[in-house]
Amino acid sequence: MRARLSDIAQQADVSEATVSRVLNDRPGVAPATRQAVLTALDVLGYERPARLRKRSAGLVGLVTPELENPIFPAFAQVIESTLAQSGFTPVLCTQTPGGVTEDEYVEMLLDRQVSGIVFVSGRHADAAADHDRYRSLIARPLPVVMINGYAPGIAAPFVSCDDREATELAVAHLVALGHRRIGLITGPDRFVPVQRRVAGFRAAMSRLTGLDEAELAELAELSLFGVEGGEAAAGRLLERGVTGIVSGSDLMALGAIRAARQRRLSVPDDLSVVGYDDSPLMAFTDPPLTTMRQPVAAMAVAAVRALVDEINGHGAPHSEYLFRPELVVRGSTAIARPAGDTPPHHSPTPATPPSPLRRPLAVPR
């Protein structure tokens, strides 16, 4: 549709001569007036002249794990939006079990001549992985930024939530409620965030409960991330008499609630559960989940800014930026009940336990 100067001038409340100057990208027009004319074009459905279209600064790869865990879509959404505001077009690469690997995605992104790559909880978080892949990218040179995980000797910015502090805060919360027999469930120990959580758990438990290393060893259960892994790990801890559980993710915490209900235990009357992430919908589970919140927005924005600085040649500092977690107290934790004390309102859970998520939602699997 050809733009009529009179229509645009009327919509923007300027003269036709001003519209002509803007459309021909000529000087002498105030920025606010120029923006009013461009907005009028958009409102009236006219296509902007090619010279006035915002040019893309290039493609940026975003490599994430599977999106079944709600925390990863949350990161992706903020990263994509922040990249777009800087003129970059994000290319989302999602890894699934048995699907395209991180290295294969990187090759695809290099073929598309991306300006940089953001890795979220990638192989950089795996202490057992070969990290030369990242050194090769940096040597090209290609700017990269890593979120949640750290690998020494890589000249790139790292952005992480302080996993050790998060676990210490969760333990302190349960101890303040009177719990002493507290367990930890988290993922495989080859991952740096898991190693930090275990270290934080042992330090806090030793300091606040006085338990020795032998006693603490049986209170930490490592499993697969996810609901099923959390259920299996929590089941083993419940057999050892724990009254509180600190989880490595919100999904593992939902698994712990399921394990408790299968044993006719009530959450939080019989077992207090703390999650990790504060991913979407955790405020609407049954009971609402107490959890350690990752500052997703702040972390994602910091990662994108560091990457854009690298792309523009400003050289962001090559170090790890630790963001402070926040304890969000909801209904899945409560004051520890003395052993053998059963409140009048307590009743056994039905043989078929309800989902930790309120209907019509379903437990992620």
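Structure first, text after, so check above.
Residues numbered from 1 in each chain as written. Predicted model: local features only at pLDDT ≥ 70, side-chain atom pairs only at ≥ 80, totals over all residues. Heavy atoms only, no water.

1. Considering the overall build of the protein
Moving on, step 1. Helices and strands together make up the secondary structure of the protein, namely twelve helices and twelve strands.
Moving on, step 2. C-alpha atoms of the protein, sized along the principal axes, occupy 85 × 50 × 35 Å.
Moving on, step 3. Counting over 365 residues, the protein shows a buried share of 48%.
Moving on, step 4. By sequence separation, contacts in the protein at least 24 residues apart represent 71% of the contacts at least 6 residues apart. (Helix = DSSP H or I, 4+ residues; strand = E, 2+ residues; numbered from the N terminus. Buried < 20%, exposed > 50% of the residue type's maximum accessible area, 1.4 Å probe, protein only. Contact = heavy atoms within 4.5 Å.)

2. Here's the deal with the side chain of T82
Moving on, step 1. Mapped onto the elements, T82 comes out in helix 4 (residues 71-85).
Moving on, step 2. Among the residues examined, T82 registers a relative accessible area of 11% and is labelled buried.
Moving on, step 3. There is a polar contact of 2.7 Å between the side chain of T82 and the backbone oxygen of V78. (Polar contact = N/O pair within 3.5 Å; in protein donor to acceptor, adjacent residues only side chain to side chain.)

3. So, the packing of helix 7 (residues 163-176) against helix 8 (residues 192-209)
Moving on, step 1. Running from amino to carboxyl end, helix 7 crosses helix 8 at an angle of 35°, the nearest separation of the two axes being 7 Å. Crossing angle aside, the handedness with which helix 7 passes helix 8 is right-handed. On the side of helix 7, the interface is formed by D163, R164, T167, E168, V171, A172 and V175, while helix 8 contributes P193, R196, R197, A199, G200, F201, A203, A204, M205, R207, L208 and T209.
Moving on, step 2. Considering only residue class, the contact of helix 7 with helix 8 consists of ten nonpolar, three polar and six charged. (Axes fitted to C-alpha atoms, helices over the stretch in contact; angles between N-to-C directions. Left-handed = near helix turned anticlockwise from the far one by under 90°. Nonpolar A, V, L, I, M, F, W, Y, C, P; charged D, E, K, R; others polar.)

4. Notes on the environment of V60
Moving on, step 1. Inspection of the secondary structure puts V60 in strand 1 (residues 58-64).
Moving on, step 2. Among all residues touching V60, those that are not within four sequence positions of it are L83, F88, T89, P90, V91, V114, G116, V118, L307 and I311.

5. Side note on the sheet that holds strand 10 (residues 290-293)
Moving on, step 1. The sheet built from six strands is open, its strands ordered 7-6-8-9-10-12 with mixed pairing. Every other strand in the sheet has two partners, leaving strand 7 (220-222) and strand 12 (326-328) as the edge strands with one partner each. Taken pair by pair, the neighbouring strands of this sheet meet at an average axis angle of 20°, ignoring direction.
Moving on, step 2. The sheet contact formed by strand 8 (residues 244-247) and strand 9 (residues 272-277) spans three bridges and is parallel. (Pairing = 2+ DSSP bridges.)

6. What to know about the pattern of salt bridges
Moving on, step 1. Using the criterion set out here, one finds 17 salt bridges in the structure.
Moving on, step 2. One salt bridge connects R240 with E221, and the closest N-O pair in it is separated by 2.7 Å. Here R240 is found in the loop between helix 10 (227-239) and strand 8, whereas its partner E221 is found in strand 7, with 19 residues between them in sequence.
Moving on, step 3. Measuring nitrogen to oxygen at the nearest pair gives 2.6 Å for the salt bridge that ties R337 to D270. Within this pair, whereas R337 is found in the segment after strand 12, its partner D270 is found in the loop between helix 11 (250-262) and strand 9, the two being separated by 67 residues in sequence.
Moving on, step 4. Judged by its relative accessible area of 26%, R337 falls in the partly exposed class.
Moving on, step 5. A cluster of three or more residues bridged by salt bridges with shared partners is formed by D278, R293, E326 and R330. (Salt bridge = Lys/Arg side-chain N within 4 Å of Asp/Glu carboxyl O.)

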